[in-house]
Amino acid sequence: MSCNNCPSKGFQDNIQTDLIDNDYNNISPYDWMKNFPSSIGKSDLVEVSFKNNRKEIYNNSLQINIKRGDYVAVQCDSGHGVGMVTLTGNLAALQLKRKDVQLKADKTVYRKASKIDIEKLIQARLREKPAMIKARQMANSLGLQMKISDVEYQGDGNKATF
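Position numbers for residues start from 1 in each chain and track the written sequence from start to end. Given that the model is predicted, a residue must reach a pLDDT of at least 70 before its local features are reported, and side-chain atom pairs must reach 80 or more before they are shown or counted; all residues, however, enter totals for whole chains, interfaces and linings. Excluded from the side-chain calculations are hydrogens and water; all other atoms, namely the structure's heavy atoms, are used.

Trainee: Just to check I follow, could you spell out helix α2 (residues 90-99) for this structure?
Mentor: Each α-helix turn comprises 3.6 residues. Residues three or four places apart therefore point the same way. The cut-offs for exposure are 20% and 50% of the maximum accessible area for each residue type, with area from a 1.4 Å probe on protein chains only; residues under the lower value are buried, those over the upper are exposed, and the others partly exposed. A run of DSSP states H or I qualifies as a helix once it reaches four residues; a run of E qualifies as a strand once it reaches two. Both are numbered from the N-terminal end. All of the buried residues in α2 are L91, A92, Q95 and L96. On an axial view of α2, the arc spanned by its buried residues comes to 145°, and they lie on one face. Exposed residues on α2 whose side chains face more than 90 degrees from its buried face are L94 and K97. Our arc is simply the arc of the directions from the helix axis toward the C-beta atoms.

The following block contains the structure:
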């Protein structure tokens, strides 16, 4: 049993928390692919969803056994990010082809997210709103005509995007 004020909301071993799940599922609440197999065909590509339904394709070159719904640690520009797997296998390859983008060689999946990765992500999510308020105050005090609508910290908490 956990306290009501705990940011991890009684963090369980299944790595599911309301704080994170709300960020990943706020735009597409209906999973229309739930009856499809997680991986169709052979492909090392994985689509990973981040906050506000931002999705990117990563290479699972280490052949980690992951499926849709797993949280994974992935390589980012500086450090690593944590996201939820939305597509694997040829479905991810088809999505890459549909978006007509080139996969960068350095975008790889490191591992399944550990408890420590998820706890760091939760702490980063809790820092986002105060950072947004402070950024708005700074922009206003400098007389800048900026609208700061959201802040997203990387999974390791080292980089913020405004």
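Back to the text.
Trainee: Would you mind showing me how to read a nonpolar patch on the surface here?
Mentor: Excluding any residue in a salt bridge, patches collect residues exceeding 30% relative accessible area, merging like charges within 9 Å and nonpolar Val, Leu, Ile, Met, Phe, Trp and Tyr side chains within 5 Å. Each accessible area is a Shrake-Rupley result for a 1.4 Å probe, and residues are judged covered by the shown protein chains and nothing else. Take a side-chain nitrogen of Lys or Arg and a carboxyl oxygen of Asp or Glu: if they are within 4 Å of each other, that pair is a salt bridge. Residues L142, L144 and M146 make up a contiguous nonpolar surface patch of roughly 320 Å² in combined accessible area. Examined against the element boundaries, L144 turns out to sit in the loop between α3 (115-141) and β7 (152-153).

Trainee: It is not clear to me how the pairing of strand β2 (residues 45-49) should be interpreted in this structure. Could you clarify?
Mentor: Working note: regular strand, side chains alternate between the two faces of the sheet. Across the five residues that make up β2, a large majority, five, are buried. What you see with β2 is no split at all: L45, E47 and S49 on one side and V46 and V48 on the other are buried throughout. A pair of strands is considered paired only if DSSP assigns at least 2 bridges between the two. Where β2 and strand β3 (residues 55-59) come together, five bridges link them in antiparallel fashion. Bridge pairing links E47 to I57 in β3. The turn linking β2 back onto β3 is made up of five residues, and N52 within it adopts a positive phi angle of 60°. Strand direction decides the pairing type here: β2 and strand β5 (residues 80-89), joined by four bridges, are antiparallel. Note on β5: the bridge partner recorded for V48 is V85.

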